[in-house]
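# Chain and residue survey
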Amino acid sequence: MTGYLVGVDAGNTMVKAALFDRAGTTLAVASRSSETLQPAPGFVERAPEGLWQAASGAIRDCLHKAGVSGAEVLAVGAAGHGNGLYLLDEEGRGLIGIQSMDNRAEALATQIAAANGDEIMTRAQSRPWPAMTPVLLRWMAENKPDLMARAHRALLCKDVIVFGLTGRMGSDVSDLAGAGLLALPALQYDDALLRLYGIEALRPILPEPAQSDELVGHVTAEAATATGLAEGTPVVGGLFDVLASTLGAGTSRAGEASIVAGSWSINQIFATALPEEPRALLASVLGRDTWVSCECSPTSAANLEWFVQTFLSAEAKALGEDSFDLCNRLAAESDPARDLPVFHPFLYAGPVPGARGGFNAVGAWHSRADMVRALYEGVAFGHRAHFEILDPERRFRTATLSGGAAKSPFWAQIFADALGMTLHLSDCVETGARGAAIAAAIGAGLFDSFDEATRTMARHVTDVTPDPAAQAQLDTRYRRWCAYRDALGAAWAAPQVDACEPHKTQAERTSHG
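These numbers come from a predicted model, not from an experiment.

This part takes up the sheet that holds strand β5 (residues 85-88). Spatially, β6-β5-β7 is the arrangement adopted by the three strands of the open sheet, whose pairing is antiparallel. Strands with a single pairing partner mark the edges of an open sheet, and in this sheet they are β6 (94-98) and β7 (153-155). In this sheet, adjacent strand axes meet at a mean angle of 15° when their direction is disregarded. Sheet topology note: the β5/β7 ladder contains three bridges and is antiparallel. When the sheet's bridge partners are listed, Leu-88 is paired in β7 with Arg-153.

Spelled out as structure tokens, the structure:
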């Protein structure tokens, strides 16, 4: 039997479509940008129609690049950033799209956490945070009641793409659990949980859940015209992108760990049961019986993207060099034995409300190369802080690494040294799209489980092991990084709010270590 699988991965800036064969080999990749709007400080939005246009265009470009007919595609899966909020009216028109980098509801998230955070953690194994979907629903109801009166369905990012493909306004359990909207382990809506967020009246607009690998619809005639897919092609429910990236990198079993260093710092551990004492920012589910604890924040490679766009893109263009290659070259020029600056990757969010990114301990002798290396280290330290919450006993000594850092051997080594972990690198760059395609393969009947599909379609090709001397050096620098982070808490906090201590109760502690 021949045939191909399409996976779509929608992040906060780019939407990528990739074509895979049944063995998981990447045959073609295409991407389209989706315009991000920032109408006010802390607001990060995009039009739902723009998201669909980017996705449909990327699918069409991918098929054309591969020279494959849409009729040869067996099934389609989509993944997208978790949380945020995409509202559609009854006709399917987009009302607003709020992305997971948004910070408008920071004060409200703090308020909900203070009032009900512990009980929310007990019921949903999630901590309230600004771009969390139920927090945004409450914010919209309080601040945009006229728009909310027109809202027919609240969707998550990848659900907009599934709607564009099939006309279904639904979601899947991995995304809804990751958004803290489902009671766990029942994986059902719970009126008591919705009341804790203050959104019980909005239950009618919440999407009905499906399994991630469940066939939820077929490509419509209109979508076929837009994408080049054949009308009637099966489409599955799709995945929370942090799980899709993990699957695509080759992790699917209980007892394994995963790191995704993309725009977000994603750190996950897989288990057969939910933890008795939840620690992580959120929990999700892979399939029907594998539970995932995830500690995450928008504090990873997005910081490098900002640095490149702000300081290096014009120079790289003039040199005819890729901007990120220039970063790697500069970082490699820095002497790791020197007293380097400290970088905190809190450009979009941090350990307390009001936290900001920045360099500390900068001396007149430091070079650009030192600054870039400090940024690389600071991002890796942010991941380490997350793992200290997830795994304080340090039981996990290996993990898969995917995302931007995995594309740079230099940065991947810094990650291994900073975390003291052996890191497995995937044979695939577009792991999120491949994870979505894995779900599609199961829905198409090619495999019986995520584990079987992942073992066939995803492979590790490189192991990066810690260097003992570099690890000792970075252990010392990490302690300094933490000391600056904790000391800056009082300066970051709003004047009327007492400075946060570095370690709070489950209800109070944020997602950034």
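Right, let's talk about the packing of helix α11 (residues 323-333) against helix α12 (residues 368-390) for a bit. When two helices pack together, their arrangement is captured by the angle between the axes and the distance separating the axes. Viewed as axis vectors pointing N to C, α11 and α12 meet at an angle of 105°, and their least axial separation amounts to 7 Å. Relative to α12, α11 is oriented roughly perpendicular. Only Arg-368, Ala-369, Val-372, Arg-373 and Tyr-376 of α12 make contact with α11, whose side of the interface consists of Phe-324, Cys-327, Asn-328, Leu-330, Ala-331 and Glu-333. A breakdown of the residues in the contact of α11 with α12 according to their chemical character gives seven nonpolar, one polar and three charged.

A word on helix α10 (residues 302-319). What sets the pattern is the α-helix's 3.6 residues per turn: residues three or four places apart point alike. Along α10, the sharpest kink reaches roughly 70°, centred on Leu-312. Tucked inside the fold, the buried residues of α10 contact α11, β17 (342-344), β18 (358-360), α12 and α13 (409-419). Positioned one or two residues after α10, Gly-320 has a phi angle of 70°, which is positive.

What follows is about the side chain of Ser-265. Its location among the elements puts Ser-265 in strand β14 (residues 265-271). Its relative accessible area of 0% is what places Ser-265 among the buried residues. A polar contact of 3.2 Å, which involves the side chain of Ser-265, links it to the side chain of His-383. Each residue touching Ser-265, except ones within four places of it in the same chain, is listed here: Val-260, Glu-295, Cys-296, Ser-297, Thr-299, Ser-300, His-383 and His-386.

With that out of the way, let us pick up unusual backbone geometry. Note on backbone geometry: most residues besides glycine have negative phi, and most peptide bonds are trans. Omega for the peptide link from Leu-184 to Pro-185 comes to 5°, which places this bond in the cis form. Mapping Pro-185 onto the fold places it in the loop between α6 (173-178) and α7 (191-197). Notably, Asn-83 is not glycine yet its phi reads approximately 60°, a positive angle. Its location among the elements puts Asn-83 in the loop between β4 (73-80) and β5. Asn-83 gets classed as buried once you look at its relative accessible area, which sits at 1%. Despite not being glycine, Leu-187 shows a phi value in the positive range, around 60°. For Leu-187, the location among the structural elements is in the loop between α6 and α7.

This paragraph deals with the confidence of the model for the protein. Overall, the predicted model of the protein reaches an average pLDDT of 93, with 96% of residues at or above 70. The model gives residues 496-513 a pLDDT under 50, and that stretch makes 46 contacts with residues more than four places away or in other chains.

Okay, the environment of Gly-435 next. Within the fold, Gly-435 resides in helix α14 (residues 431-443). For Gly-435, a relative accessible area of 0% gives the class buried. Along the backbone, Gly-435 and Gly-24 are 411 residues apart, and their C-alpha atoms lie at a distance of 9.5 Å. Excluding residues that lie within four positions of it along the chain, Gly-435 makes contacts with Leu-239, Ala-244, Leu-247 and Gly-248.

Now for the packing of α14 against helix α15 (residues 450-457). At a closest axis distance of 10 Å, the pairing of α14 and α15 adopts a crossing angle of 125°. In terms of axis orientation, α14 runs oblique to α15. As for the relative orientation of α14 and α15, their crossing is right-handed in sense. Two secondary-structure elements touch here, α14 through Arg-434, Ala-437, Ile-438, Ala-439, Ala-441 and Ile-442 and α15 through Phe-450, Ala-453, Thr-454 and Met-457.

Definitions and cut-offs
- The written sequence of each chain sets the order in which its residues are numbered from 1.
- Where totals are concerned, whole chains, interfaces and linings use all residues; where local detail is concerned, this predicted model gives features only for residues with pLDDT of at least 70, and gives and counts side-chain atom pairs only at 80 or more.
- For the side-chain quantities, the full set of heavy atoms in the structure was used; hydrogens and water were omitted.
- Any two strands are treated as partners once DSSP identifies two or more bridges connecting them.
- Only DSSP runs of H or I with at least four residues qualify as helices, and only runs of E with at least two residues qualify as strands; both kinds are numbered from the N terminus onward.
- In this description, a line fitted to the C-alpha atoms serves as the axis of each element, helices being fitted only across the stretch in contact, and the angle between N-to-C directions of two axes falls anywhere from 0 to 180 degrees.
- Small angles under 35 degrees read as roughly parallel and large ones over 145 as roughly antiparallel, with 65 to 115 read as roughly perpendicular and the rest as oblique.
- In this description, contact between two residues means that some pair of their heavy atoms is separated by no more than 4.5 Å.
- Any residue that is not Ala, Val, Leu, Ile, Met, Phe, Trp, Tyr, Cys, Pro, Asp, Glu, Lys or Arg is counted as polar, Gly included; the first ten are nonpolar and the last four charged.
- The bend at a residue is defined as the angle formed between two axes, one fitted to the seven residues ending at that residue and one fitted to the seven starting there.
- Buried, partly exposed and exposed residues are distinguished by accessible area as a fraction of the type maximum, computed with a 1.4 Å probe on protein chains only: under 20%, between the cut-offs, and over 50%, respectively.
- In the analysis that follows, any N or O atom pair within 3.5 Å is treated as a polar contact, provided that within protein one partner can donate a hydrogen and the other can accept it, and provided that, for residues neighboring in sequence, both atoms belong to side chains.
- Per residue, pLDDT captures the predictor's confidence, and it can take any value from 0 to 100.
- Left-handed describes a crossing whose near helix is turned anticlockwise from the far helix by less than a right angle; the clockwise case is right-handed.

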